[in-house]
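# An overview of the molecular structure
So you can see what is in the structure, the chains are spelled out below.
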Amino acid sequence: MNIVLLEPKNRENLATIIRSGQNFSVNTIFVIGGFIQDQYKGNIHKFSHQMNTQDGVSAVTLIYFERLSGFLQHLPAQTNLILVESLDESADLRAFEHPKNATYMLGREAKGITKSDVDEIKQYFAQLNQDIPAEFLSKHSKTAHLKFVKIDTPQSLNLGVCASIIMYDRHNKVGNIS
């Protein structure tokens with residue numbers, strides 16, 4: 001499992017996600033922009049030395065991208081990119097079946113994953129899968145897929161809390177698979 005954070009606002013949330021990730025078998029945390037760009041000029045190594053609680057960075061890989069487009073160009077092969085956002089097309093987490101090879105993207109703390117972000121991601125997947133027949137694409141688990149899930153709450157959640165809930169739910173339903 002991988003986690004993607006779109007423009008996180010603060011160090012504490014990322015530190016929480018690293019610690020939860022260490023406990024729930026996260027392979028990689030991708031950080032796109034946010035406070036890493038603002039406070040550390042994109043140098044994630046400076047952050048990792050300051051906030052490495054319980055030696056989490058030795059267990060979870062941190063990778064930084066300046067923009068969403070950069071991350072998409074380096075999307076892990078054969079992954080399911082799962083956008084965690086309250087959208088009409090999002091499945092409720094309580095009934096969600098976590099795929100084996102999953103990368104969960106969590107949006108900005110103030111405005112989530114925007115329509116523009118979703119459009120960019122959908123366009124990327126359309127181009128990525130354009131030459132694959134639809135009947136093959138829907139049945140083949142080793143092809144990159146785009147899915148949507150939401151945590152059904154009356155109000156938005158803190159980024160660290162949201163990521164930890166996703167990790168726990170996955171761990172609870174499927175165990176420690178990648």
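Scroll up a little and you will see the structure.
Here is a short report on the structure shown in this document. Please read these numbers as outputs of a predicted model, since none were measured by experiment.

## Points about the overall build of the protein
Secondary structure assignment for the protein yields seven helices and seven strands. From first element to last, N terminus to C terminus, the protein shows the α and β order β-α-β-α-α-β-α-β-β-β-α-α-β-α. Counting over 178 residues, the protein shows a buried share of 46%. Working note: accessible area of the protein is about 9,300 Å², and carbon and sulfur atoms make up 47% of it.

## Remarks on the environment of Met-167
Along the chain, Met-167 falls in helix α7 (residues 159-174). Taking C-alpha positions, Met-167 is 8.5 Å from Ser-25, a pair spaced 142 residues apart along the chain. Look past the residues within four positions of Met-167 in its chain and what remains in contact with it is Met-1, Ile-3, Ile-17, Ser-20, Gly-21, Phe-24 and Val-26.

## Points about the sheet that holds strand β3 (residues 61-65)
Spatially, the seven strands line up as an open sheet ordered β3-β2-β1-β6-β4-β7-β5, and their pairing is parallel. Two strands close off the open sheet at either side, each with one partner strand: β3 and β5 (91-92). For β5 and strand β7 (residues 145-150), the ladder comprises two bridges, and the chain directions are parallel. For Ala-91, the partnering residue across the bridge sits in β7 and is Val-149.

## Details of the side chain of Ser-90
Here Ser-90 shows up in the loop between β4 (80-84) and β5. Not counting the four nearest positions on each side in its chain, Ser-90 is found in contact with Glu-85, Phe-148, Val-149 and Lys-150.

## Here's the deal with helix α1 (residues 11-23)
Across its 13 residues, α1 extends 19 Å between first and last C-alpha, which sits within 8% of the 18 Å expected from 1.5 Å per residue. Among the residues of α1, Asn-13, Leu-14, Ala-15, Ile-17, Ile-18, Ser-20 and Gly-21 are the ones counted as buried. Its side-chain oxygen at 3.2 Å from the backbone nitrogen of Glu-12, Asn-10 defines the N-terminal cap of α1. Looking one or two places after α1, you find Ser-25, whose phi comes out positive at around 60°.

## Regarding unusual backbone geometry
For Glu-7, which is not a glycine, the phi torsion comes out positive at approximately 50°. Tracing the chain through its elements places Glu-7 in the loop between β1 (2-6) and α1. Since its relative accessible area comes to 34%, Glu-7 is described here as partly exposed.

## What to know about the environment of Met-1
Among the structural elements, Met-1 can be located in the segment before β1. For Met-1, a relative accessible area of 2% translates into the label buried.

## A short note on the pairing of β4
Among the five residues of β4, five are classified as buried, and the element is accordingly described as predominantly covered. Pairing analysis gives five bridges linking β4 to strand β6 (residues 102-106), with the strands arranged parallel. The residue of β6 that forms the bridge with Leu-81 is Thr-103. In this structure, β4 lies alongside β7, joined through five bridges in parallel fashion. Along β7, the bridge assignment pairs Leu-83 with Phe-148.

## Notes on the packing of aromatic side chains
Under the definition given, this model contains five aromatic pairs. A ring pair is formed by Phe-24 and Tyr-168, whose centres lie 6.0 Å apart and whose planes are at 80°; its orientation type is edge-to-face. Of this pair, Phe-24 sits in the loop between α1 and β2 (28-32) while Tyr-168 sits in helix α7, and the two are 144 residues apart along the sequence. In this structure an aromatic cluster arises from ring pairing among Phe-30, Phe-65 and Phe-71.

## Topic: the nonpolar core
Formed by 29 residues in total, the largest nonpolar core has its most connected members in Ile-3, Leu-14, Ile-29 and Tyr-104. Sorting the residues of this core by element identifies β1, α1, β2, α2 (35-40), β3, β4, β6 and α7 as the ones contributing at least two each. Element by element, the count of residues in this core is highest for α7, at five residues. Apart from the residues within four sequence positions on either side, Ile-29 is in contact with Ile-3, Leu-5, Leu-14, Ile-17, Ile-18, Val-60, Thr-61, Leu-62 and Ile-63.

Calculation notes
Residues numbered from 1 in each chain as written. Predicted model: local features only at pLDDT ≥ 70, side-chain atom pairs only at ≥ 80, totals over all residues. Heavy atoms only, no water. Helix = DSSP H or I, 4+ residues; strand = E, 2+ residues; numbered from the N terminus. Buried < 20%, exposed > 50% of the residue type's maximum accessible area, 1.4 Å probe, protein only. Areas by Shrake-Rupley, 256 points an atom, 1.4 Å probe, with all protein chains shown as cover. Contact = heavy atoms within 4.5 Å. Pairing = 2+ DSSP bridges. Expected span 1.5 Å × (residues − 1). Polar contact = N/O pair within 3.5 Å; in protein donor to acceptor, adjacent residues only side chain to side chain. Phe/Tyr/Trp six-rings, centres within 6.5 Å; stacked < 30°, edge-to-face > 60°. Core = buried A, V, L, I, M, F, W, Y, C linked by side-chain atoms within 4.5 Å.

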